[in-house]
Structure formats: structure tokens, C-alpha cells
Amino acid sequence: MNVVALLVIFAFLVFAIYLGIRARSGRDMDLEQWTTGGRGFGTLFVFLLMAGEIYTTFTFLGGSGWAYGNGGAALYILPYGTLAYVLSYWMLPAVWKYAKEHRCHSQSDFFVKKYNSPYLGVLTSLVAVIAMVPYLALQLKGLGIIVSTTSYGLIPSTMAMVIGLVAVTVYVIISGIHGSAWTAVVKDIMVLAAAVFLGLYLPFALYGGFQPMFEEITQEKGAEFLIFGGDYPIAWFISSVLLSALGFYMWPHTFGASFTAQSTSVFRRNAIIMPLYQLILLFVFFIGFAAVLAVPNLGEEEVDLALLTVVRETFSPWFVGLIGAAGLLTALVPGSLLLMVSATILVKNVYGVFRPSTTEAQIVRYAKYLVPVVGLAALFFTLAGGQSIVILLLLGYSLVTQLFPAMLISLLPNAMNANKYGATAGILVGVATVAYLTITENNLGTLFPWLPQGIHAIHVGIVGLILNLIVLLIVSLATRGLVERERVTTAEERVRTRATT
Amino acid sequence: MKTIYLLGVLPFLGFFVGIFFANRVEPYILGLPFIMFWIAMWVVLTSVIMGIIYKLDPISREGDDE
């Protein structure tokens, strides 16, 4: 029995909460202030911080776990962020300009103004919150894994997940968003150091280098393990990368964050620098590959344990504690953000639409009540299925990406062709398709076996996306007259009210 | 639509079309299996391509905001 690792992790949890309380009682330090304050830091420091930002439980535990369990298929994680930045070069300046002109504060505002429909805002908010549940679930799963692995089996994983949920909830309620900024700095530095160190140390210490490591893996598991094929063929790679790249900025927090930029040239410059940060993921893959032969006996549902298990087998408990603490922070920071964002959206952009008299203070209070509720939903979700972290994130993406067609078309010059009926119908069909295919565990191959083998494994999110777009265009076309009539009536009303006043 | 923007298609081609040719282990480059090297290389090339687009894009010369 060994509690050293757990003690180290617990110390970091207390430290993170302390940072949160301090940030709150002292001068408020929100994310915006922190980013502008970041300009005072040196270039290298800023580079390190931004590189650390891409690390969530998904990349740290999920990325290494997938490299361990599915080999080359994990490589899909590298390109999607890169391609999302390419798209952002054109997309974000357009979004930013519109949001500024029309004073939008959230993603929901954007859809409401673009399509002139408050209920479309409600729908997009609900879809975004539902998509965040699996995203949140994977953070909880990560927390559970960290606690149970570093307790050396003392705490069973279900109980560990409950502890994780309690930790995130307490953290959010005590510190709010203000705590995240400084905890994020600590997290970024720790995780970056952990990933780079382990990614270099393990392949060299255990195998004598990168190439020897991959050659040994090939000998043991065959060359197919390192490339795309089998359950994850090229069609899966292309569709999953595309799905995630298109959905990258559809999360309400990333979409909304783009509003805060000083000018549009920030986005254009980011598109050059940001792809390079993705390369750091290579180190995470190295950790997962190093675990393949070092800790070969993890079951199919335990792949996400790969990183911590190999660390536990290689290093002494206090170091295991440090790595576990880094992992804890990668789950705590995004987890708390997701919890807060989803609770706030539910109150502000859903409840608030039906009760416009809700005050700011009430919104904050109700959102706090909702935090444990959303957390419990995510916990239930985590316990219900044994999916790995990567599968959970892809599920979140297949839902949130359904907002992409409506957003993209609204930015095009001839946006007149799409209207609120089309957008609503498209999103509903897309989400329903994803939900149906996921719950019934179907894909194109099982539904339509006569389709060419090559496209059977296309991700269900892309199937939903295609139907979404078709329905959006057809319904928009069919309801064109209806929208035209509405426009005339509102114009007439306006004239009438002007005449009476 | 400026012609230079067409360069933005290259990263998509590099990943999505390139994968059909690059989905292999041999030859190892820099110690990495070929597919891993290919994807990492395109991440770097994407950064270079976006740099070229930025440099040649008249919008970025117009000053900060139009």
C-alpha cells in the first residue's frame, strides 16, 4: 500500500483551490485580463503557455491511451487542430466583424442575430450543452483514472470518479472562472514538462531510441499497428479529422472567446503559429507507444490508463504523484470551464429567453445551482458506457459540429438563401442522425452493406453533417415564401406603429 | 476571392490525399514511421503555407483593421 502519490496529488488539489480562493478575494483576475497581462511576459514564456493550453485530459491521457490501444490511429489528433487553424484564417475574422457590429456576446447571440430568431438561439444552446456532456464526462473519467491508478488500486475507479466530480464541483463553486487563469498557468507548465520529459525519457530508457521502439512494436504487433487500417481505416481518419476540424470553433467557449480579440489580424497571425504547437502531441504519442510493450496487459477498456501505468511501473511514488497531479490539473481546468459554461448557457440563453426579466445576479445564482446537476449528468454518462476518452470526445464533436453548416452559410455573401426554418431543421436532423446511429451502434457499413467497403467507417458525425446540410438547403428553399411574408408583415407593423406614435 | 487563398487547400490535400500514399511504416525518417513523419511534416508545412498567405494577403498590409 502506498499513499505517497495520492498525498502529492491531494496537495496539488488543495493548492489549486487555494489559488482559486486567493484570486477571488484579491483583485479579480479573469481570463481576459490574464491574456492581456500575458503580453508583459517574454516570448518564450508565452510560447510555453500557449503550447500547454492544448493539453487537456483528452490529449494527455486519451492521446497516449489511443496510441497504446490503437497505434497509428491516434495520429488523427495531430491534423485536426492544424486544419481548424487554416479555416480560422477566413472564418474567425468574418465572425468577429459580425459579432462586433451587432454586439453579440455569445454564440447564441450570433445565431439569434444572423437568423433573426430567438428560438434558434435556444436550440443551438441546447445542442452545445448536450455536446459538452460527453466532453465533460471524459474529464471525469480522466480524474477517476488518475485517482484510482495513483492510489495503486486502493480506491476503485467508480468511487474515484465520484471524488473527481466532487472536486470539480467544489472547485467551480469556490473559485469560479477567476481561479482558472492561474491554475491554468501551473497546469500548462507542469503538463508540458511532464509530456516532453516522459516522451523523450521512456523511448530511450526502455528501448534505446525512437526507431528501435517502433521496430520492436512492429515485430511484436505487426506493421499494421502503426498505420491506419482495420477498425480505423483511411475513411475513418479523413472523416474524423474533418469532423473535428469543422467543429473546433463550434464549442460555445471557443466561439465566444474569438469575440474578445483586439483585431482580426490576431486570427490571421495565429493561423501561422498555432499549427506548430500541435507538434508537442508527438511526445504524448511516444509515451503511449512506449507503454505498448512495457505494460502490455491493459484490457480494451483500460487503454486510457496506459500513461499512468507505465509511469507507475518506471518511477517512484512521489514522481507518480507529480505526473498524476499534472493530469489532475488537465482535467480540473477544462472540466471546471465546461461545467460553468454549460450551466451559464442553460440559465442565460435558454431560461432567460423564456423569462426575459431574469437579472444578472439571478443568472449567476441559478447557474451555481445547475453546476452539480450538469456534473451529475456527466457522471451518469461516464458510468453508463465504457467508452474510451477519444470516443467520448468524438461523440461530443459529432454533436457540436452540427452547428457548423448554419454558421458557415450565414457568413456567405448570399446568406439570404438560408433561413431560420432551414437552419433549425438541419440541426435537428443532424443531431437526430448522430443520436440514432450512436445509440443503435450503427454506421454506414451496418445500415447499407451494399455501399463500397472504403466508406463504411465514415464517422457518424459526418453522415449527420451531410444530411444536416441537405435538409438546411431544401427547407430554406421551401420556406422562402413564408419568410418573405413575415418580413413584409413586420415591415408593415413597423410602419403602422410609426404612424400611431 | 484572391488567387493566393487557393494555397489554403494544400494542407487538406497533404493530409487527405497524401494519406493514401503515406499510410506505411517504412522508410523510417528521423526515427519515426513514415506515416507519423508525413503527418508531422504537413503540420510544419501548414504553418509555412499560412505564413506565405499572410505575407501576400493585401489585408494584412492594410494595417490592423479594415
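Residues numbered from 1 in each chain as written. Chains lettered and ligands numbered in written order. Predicted model: local features only at pLDDT ≥ 70, side-chain atom pairs only at ≥ 80, totals over all residues. Heavy atoms only, no water.

Peer 1: Before we move on, could you go through the overall build of chain A and cite the residues and values that matter?
Peer 2: When its secondary structure is counted, chain A shows 22 helices and zero strands. Expressed as a percentage of the 501 residues in chain A, the buried residues total 56%. Looking at chain A alone, contacts between residues at least 24 apart form 83% of all its contacts between residues at least 6 apart. Working note: accessible area of chain A is about 21,000 Å², and carbon and sulfur atoms make up 66% of it. (Helix = DSSP H or I, 4+ residues; strand = E, 2+ residues; numbered from the N terminus. Buried < 20%, exposed > 50% of the residue type's maximum accessible area, 1.4 Å probe, protein only. Contact = heavy atoms within 4.5 Å. Areas by Shrake-Rupley, 256 points an atom, 1.4 Å probe, with all protein chains shown as cover.)

Peer 1: I'd like a description of the interface of chain A and chain B, backed by residues and values.
Peer 2: Often the size quoted for an interface is simply the accessible area lost on bringing the parts together. If you look at the interface, chain A gives 40 residues, while chain B gives 32 residues. Buried surface at the junction of chain A and chain B, both sides included, amounts to about 3,300 Å², of which 77% is carbon and sulfur. Between the two partners, chain A and chain B, sit zero salt bridges. Counting across the interface, chain A meets chain B through five residue pairs in polar contact (both at pLDDT 80 or more). Of all elements in the fold, only helix 5 (77-101), helix 9 (210-221), helix 10 (234-247), helix 12 (265-278) and helix 13 (281-294) of chain A reach the threshold of two or more residues within the side of chain A that touches chain B. It is helix 5 of chain A that contributes the most residues to the side of chain A that touches chain B, 10 residues altogether. Taken together, the residues of the side of chain A that touches chain B sort by class into 28 nonpolar, eight polar and four charged. (Buried area = accessible area lost by both parts, 1.4 Å probe. Salt bridge = Lys/Arg side-chain N within 4 Å of Asp/Glu carboxyl O. Polar contact = N/O pair within 3.5 Å; in protein donor to acceptor, adjacent residues only side chain to side chain. Nonpolar A, V, L, I, M, F, W, Y, C, P; charged D, E, K, R; others polar.)

Peer 1: Tell me about the packing of aromatic side chains, residues and numbers included.
Peer 2: Residues and elements named next belong to chain A. Taken as a whole and judged by the stated rule, the model has 36 aromatic pairs over all chains. Their ring planes at 85° and their centres at 6.1 Å tell us that phenylalanine 283 and phenylalanine 286 sit as a pair that is edge-to-face. Of the two residues, phenylalanine 283 and phenylalanine 286 both sit in helix 13, three residues apart, roughly one turn of that helix. Ring centres of tryptophan 318 and phenylalanine 319 lie 5.7 Å apart, and the angle between their planes is 90°; this geometry places the pair in the edge-to-face category. Under the relative-accessibility criterion, phenylalanine 319 is labelled buried at 16%. Among the aromatic residues, ring-to-ring pairing joins Trp66, Tyr76, Tyr80, Tyr85, Tyr135, Tyr232, Trp236, Phe248, Tyr249, Trp251 and Tyr397 into one connected group. The ring centre of tyrosine 98 lies 4.0 Å from the NZ or CZ of lysine 114, which sits over that ring. (Phe/Tyr/Trp six-rings, centres within 6.5 Å; stacked < 30°, edge-to-face > 60°. Lys NZ or Arg CZ within 6 Å of the ring centre and 35° of its normal.)

Peer 1: Give a detailed account of the layout of surface pockets, specifying residues and quantitative values.
Peer 2: Residues and elements named next belong to chain A. Here the second largest pocket defines a volume of roughly 1,500 Å³. Considering the residues around the second largest pocket, the lining is formed by 45 residues, among which Tyr232, Gln387, Ile391, Thr438 and Glu441 are closest to the centre. Within the residue set of the lining of the second largest pocket, elements represented by two or more residues are helix 4 (57-70), helix 7 (118-150), helix 13, helix 16 (360-384), helix 17 (389-400) and helix 19 (420-439). When the residues that make up the lining of the second largest pocket are grouped by side-chain class, the tally is 28 nonpolar, 12 polar and five charged. Per-domain counts for the lining of the second largest pocket show at least three residues from each of domain 1 (3-389) and domain 2 (412-492). (1 Å grid on protein atoms, 1.4 Å probe; cavity = no way out; pocket = protein on both sides within 12 Å on 5 of 7 lines; lining within 4 Å. Points joined across faces, edges and corners; volume = space filled by probe spheres on them. Domains from an automatic or database assignment.)

Peer 1: Go over unusual backbone geometry with me, naming the residues and quoting the values.
Peer 2: Note that the residue after glutamate 26 of chain B, namely proline 27 of chain B, is joined by a cis bond; omega there is -10°. Note that proline 27 of chain B resides in the loop between helix 2 (18-22) and helix 3 (34-56). With phi around 55°, asparagine 116 of chain A is a residue other than glycine that occupies positive phi space. Residue placement: asparagine 116 of chain A occurs in the loop between helix 6 (107-115) and helix 7. Residues other than glycine seldom take positive phi values, yet leucine 30 of chain B does so here, at roughly 55°. Within the secondary structure layout, leucine 30 of chain B lies in the loop between helix 2 and helix 3.

Peer 1: I'd love a proper account of the domain arrangement of chain A, names of residues and values included.
Peer 2: All names here are of chain A. On domain assignment, one finds that chain A holds domain 1 (3-389) and domain 2 (412-492). If you look at the interface, domain 1 gives 15 residues, while domain 2 gives 16 residues. Its largest share of buried area at the contact with domain 2, domain 1 owes to Tyr115, Leu123 and Leu243, together 39% of the area lost on that side. Counting the contacts that link domain 1 with domain 2 gives zero salt bridges. The interface formed by domain 1 and domain 2 holds one residue pair in polar contact (both at pLDDT 80 or more) in total. When residues of the side of domain 1 that touches domain 2 are traced back to their parent elements, those giving at least two are helix 7 and helix 10. Per-element tally for the side of domain 1 that touches domain 2: the top contributor is helix 10, with seven residues. Tallied by class, the residues present in the side of domain 1 that touches domain 2 amount to 10 nonpolar, five polar and no charged.

Peer 1: Requested: an account of helix 15 (residues 317-354) of chain A, with residues and values cited.
Peer 2: Between its terminal C-alpha atoms helix 15 of chain A stretches 53 Å, which fits the 56 Å expected from 38 residues at 1.5 Å a residue. Helix geometry: helix 15 of chain A is bent most strongly at isoleucine 345 of chain A, by close to 25°. (Expected span 1.5 Å × (residues − 1). Bend = angle between axes of the 7 residues up to and from the residue.)

Peer 1: Please provide a residue-by-residue account of a nonpolar patch on the surface, values included.
Peer 2: All names here are of chain B. A cluster of nonpolar side chains, contributed by Leu6, Val9, Leu10, Leu13, Val17, Phe20 and Phe21, occupies part of the molecular surface with about 680 Å² of accessible area. Broken down by secondary-structure element, the contributors of at least two residues to the nonpolar patch are helix 1 (10-16) and helix 2. In this structure, valine 17 sits in the loop between helix 1 and helix 2. Note on valine 17: relative accessible area 40%, which makes it partly exposed. (Patch = residues over 30% accessible without salt bridge, like charges linked within 9 Å, V, L, I, M, F, W, Y side chains within 5 Å.)

Peer 1: Now, about the side chain of serine 244 of chain A: what can you tell me, with residues and values included?
Peer 2: Residues and elements named next belong to chain A. Within the fold, serine 244 resides in helix 10. At 2.8 Å, the side chain of serine 244 and the backbone oxygen of serine 240 are in polar contact. If we ignore the near neighbours within four places in the chain, the residues touching serine 244 are Tyr76, Tyr80, Leu394 and Tyr397.

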